Amino acid sequence: MKYQLPKDFFLGAAMSGPQTEGAYNKDGRQRSIWDMWSDLSISDFYNKVGSYVGNNFYENYEEDIKLMKSLHLDSFRTSIQWTRLLDENGKINPLGAAFYHKVIACAKDNQMEPFMNLYHFDMPEALYLRGGWENREVVEAYANYARQAFREFGREIKYWFTFNEPIVEPDQRYRNGVWYPFIRDARRGLNVQYNISLAHCLGVEEFHRAKSKGFVRDDAKIGLINCFAPPYTRENPTPEDLEALRMEDGINNRWWLDLVTKGQLPEDVMNTLKDLGMTPDRRPGDETIFQLGKVDWLGFNYYHPSRIQAPREKTDEMGYPKFSDPYHWPEAKMNVYRGWEIYPKGIYDFGMKMKREYPDLKFFVSENGMGVEREGRFRDKNGQIQDDYRIQFVSQHLAWIAKAIEDGAQCLGYHYWGLIDNWSWSNAFKNRYGFIEVDLMDNYKRHFKKSASWFREVVDSKAIDTNIE
């Protein structure tokens, strides 16, 4: 069956500074928390490939932007690295600023719209050592960083975002303890999430202040990007299952959706946290700051759903309340390389949630992609990777997006994550996402996979031929 996307639906690519740039010690860049972790324990990274490498975008940005343009993409999102733009005193690093000016100019020369994100998990080491997101001074430092970025690039960039996936660091670093500093403390994780929320709001305030003073172009927009995992529970759920669903949806999804639409955190969630003695560390005036956090639009990263049920134990090993346990749906189709469920309909369900509960907020799918390990197995006799599995993955997600739009969702576009293979945190290059291969054994050379030409046809036609029913 053929599904048609609107003519004005944009199609592009997503990436981030710390995962692509490399050049970690060039031109005045500060050390990041990832460099710190890489130095402390390189064996924590797949194949001992730490944060230093990226995919050489710093040296290769012109070729990469031309490659994206050759696929007829109209836009791409990347991020400024806090560590590259500012020095340790919070002042502009001229060489770092010059790099981003060149990237932006190259994008414009190739008729591509650059979307710019300010933070993608890359805390400067010096600020982490002052407490990171647990320290309100670092929240203020982020506001200064945002101010400097808006003033430096505000006349060049139309689309800005304060954070990518602000739920991830509270989870990965502080609640689940799988990223350095490996903390497993629900209360500290909640405080980090709360402080990042404040930082987002201060960033939005700096955007509007810079705009009012003429530093930012009049047509510019500010947004937030988050990974939303639509939550599901068992058939015939118990009241306890539904309560688990409410809280998980509240903390991971509605927290950010209410913040960017209503300028507040979800009242029912905050009341439950209060009853459990888990209220984040608030200060007088915080509610006023939250009111600043409303955005023009939203980026929706989607990789997998969240399937949950009532927890077997009321508390975790630290004695903090548990809100849910995983539910293993018998019909789940898995990406075995990532351990993630492939459920394209989740992208439709989120669109319908937005239509019902946040009807005034427009959004775009800001990340969606499929990571696969050892892709060389799928190379044909001519050396090209035949990634039909990725074509199927993307086509089904795009078809559900088309159906969501037909049913009233205000989805404006789609950016594929990892168009060009990139470094991915502690997994390094274990799982490849790209339509374009990066050959680490041959000076980062780029090669089209089968999916690249397929995606170019989709960009041109806005049509997807697949079966999703």
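The model shown is predicted, which means the values in this text are computed figures rather than measured ones. (Residues numbered from 1 in each chain as written. Predicted model: local features only at pLDDT ≥ 70, side-chain atom pairs only at ≥ 80, totals over all residues. Heavy atoms only, no water.)

**Remarks on the overall build of the protein**
And then number 1: Each helix and strand counted, the protein has 15 helices and 19 strands in total.
And then number 2: On C-alpha atoms alone, the protein measures out to a radius of gyration of 21 Å, which is about the 23 Å that the 2.2 N^0.38 rule sets for 469 residues.
And then number 3: Reported as C-alpha extents along the three principal axes, the dimensions of the protein are approximately 60 × 55 × 45 Å.
And then number 4: The burial tally for the protein puts 59% of its 469 residues in the buried class.
And then number 5: For the protein, long-range pairs separated by at least 24 residues make up 77% of all intrachain contacts whose partners lie at least 6 apart in sequence.
And then number 6: Accessible surface, the protein: about 19,100 Å² in total, of which carbon and sulfur atoms supply 47%.
And then number 7: Considering the protein, the positive charge centre built from 62 side chains and the negative charge centre built from 69 side chains are found 2 Å apart. (Helix = DSSP H or I, 4+ residues; strand = E, 2+ residues; numbered from the N terminus. Rg over C-alpha atoms; globule rule 2.2 N^0.38 Å. Buried < 20%, exposed > 50% of the residue type's maximum accessible area, 1.4 Å probe, protein only. Contact = heavy atoms within 4.5 Å. Areas by Shrake-Rupley, 256 points an atom, 1.4 Å probe, with all protein chains shown as cover. Lys, Arg positive; Asp, Glu negative; His and termini not counted. Charge placed at Lys NZ, Arg CZ, Asp CG, Glu CD.)

**Topic: the sheet that holds strand S7 (residues 231–232)**
And then number 1: In space, the three strands of this open sheet follow the order S7-S9-S10, with mixed pairing throughout. Each edge of the sheet is formed by a strand with only one pairing partner; in this case those strands are S7 and strand S10 (325–326).
And then number 2: Bridging between S7 and strand S9 (residues 306–309) involves two bridges; their strand directions are parallel. Looking at S9, one finds that Pro-231 is bridged to Ser-306.
And then number 3: Where helix H10 (residues 239–262) meets the sheet, it contacts S7 and S9, and its direction lies at approximately 140 degrees from that of S9. (Pairing = 2+ DSSP bridges. Axes fitted to C-alpha atoms, helices over the stretch in contact; angles between N-to-C directions.)

**Some thoughts on the pattern of salt bridges**
And then number 1: Considering all chains together, one arrives at 39 salt bridges under this definition.
And then number 2: Notably, a salt bridge pairs Glu-287 with Arg-282, separated by 4.0 Å at the nearest N-O pair.
And then number 3: With a closest N to O distance of 2.8 Å, Asp-325 and Lys-322 form a salt bridge.
And then number 4: Via salt bridges that share partners, Glu-243, Arg-246, Asp-249, Arg-254, Asp-268, Lys-353 and Glu-357 belong to a single interconnected network. (Salt bridge = Lys/Arg side-chain N within 4 Å of Asp/Glu carboxyl O.)

**Concerning the sheet that holds strand S13 (residues 363–367)**
And then number 1: Strand order in the closed barrel formed by eight strands is S2-S3-S4-S5-S6-S8-S13-S15, with parallel pairing between adjacent strands. Between one strand axis and the next, the sheet turns by 25 degrees as a mean value, whatever way the strands run.
And then number 2: Pairing between strand S2 (residues 10–14) and strand S3 (residues 75–79): three bridges, direction parallel. Among the inter-strand pairings, Ala-14 is bridged to a residue of S3, identified as Arg-77.
And then number 3: Packed on one face of the sheet, helix H7 (residues 136–153) meets strand S5 (159–164) and strand S6 (221–227) and runs near 160 degrees to S5.

**Looking at the side chain of Ser-197**
And then number 1: Along the chain, the position of Ser-197 falls in helix H9 (residues 186–212).
And then number 2: Dropping the residues within four chain positions of it, Ser-197 is found in contact with Trp-255, Trp-256, Leu-259 and Phe-290.

**Some points on the pairing of strand S17 (residues 436–439)**
And then number 1: In this structure, S17 lies alongside strand S18 (residues 445–448), joined through four bridges in antiparallel fashion. Its bridge partner being in S18, Val-438 is matched across the sheet by Arg-446.
And then number 2: The antiparallel pairing of S17 with S18 creates a hairpin that spans five residues between the two strands, and Asn-443 there sits at a positive phi of about 55 degrees.

**Some remarks on the nonpolar core**
And then number 1: Grouped together as the largest cluster of nonpolar side chains are 145 residues, with contacts concentrated most on Ile-80, Trp-133, Tyr-142, Trp-160, Leu-398, Tyr-414 and Phe-455.
And then number 2: Discounting chain neighbours no more than four positions away, the residues touching Leu-398 are Leu-5, Leu-11, Tyr-414, Trp-454, Phe-455, Val-458 and Ile-464.
And then number 3: Core analysis: the second largest hydrophobic core is formed by seven residues, Phe-161, Ile-225, Trp-297 and Phe-364 among them. (Core = buried A, V, L, I, M, F, W, Y, C linked by side-chain atoms within 4.5 Å.)

**A few points about the environment of Pro-359**
And then number 1: Relative to the elements of secondary structure, Pro-359 occurs in the loop between helix H13 (345–357) and S13.
And then number 2: By relative accessible area, Pro-359 is classed as partly exposed at 43%.
And then number 3: In this structure, the C-alpha to C-alpha distance between Pro-359 and Ala-409, residues 50 residues apart in sequence, is 8.3 Å.
And then number 4: With near-sequence residues (within four places) excluded, Pro-359 lies in contact with Met-354 and Gln-410.

**Digging into the packing of helix H8 (residues 168–175) against H9**
And then number 1: Axis separation between H8 and H9 bottoms out at 9 Å; the angle between their running directions is 155 degrees. One finds that H8 runs roughly antiparallel with respect to H9. Seen along the crossing, H8 lies across H9 with a hand that is right-handed. Every residue of H9 that contacts H8 at Pro-170, Tyr-174 and Arg-175 is listed here: Ala-186, Arg-188, Gly-189, Leu-190, Val-192, Gln-193 and Ile-196. (Parallel < 35°, antiparallel > 145°, perpendicular 65-115°, else oblique. Left-handed = near helix turned anticlockwise from the far one by under 90°.)

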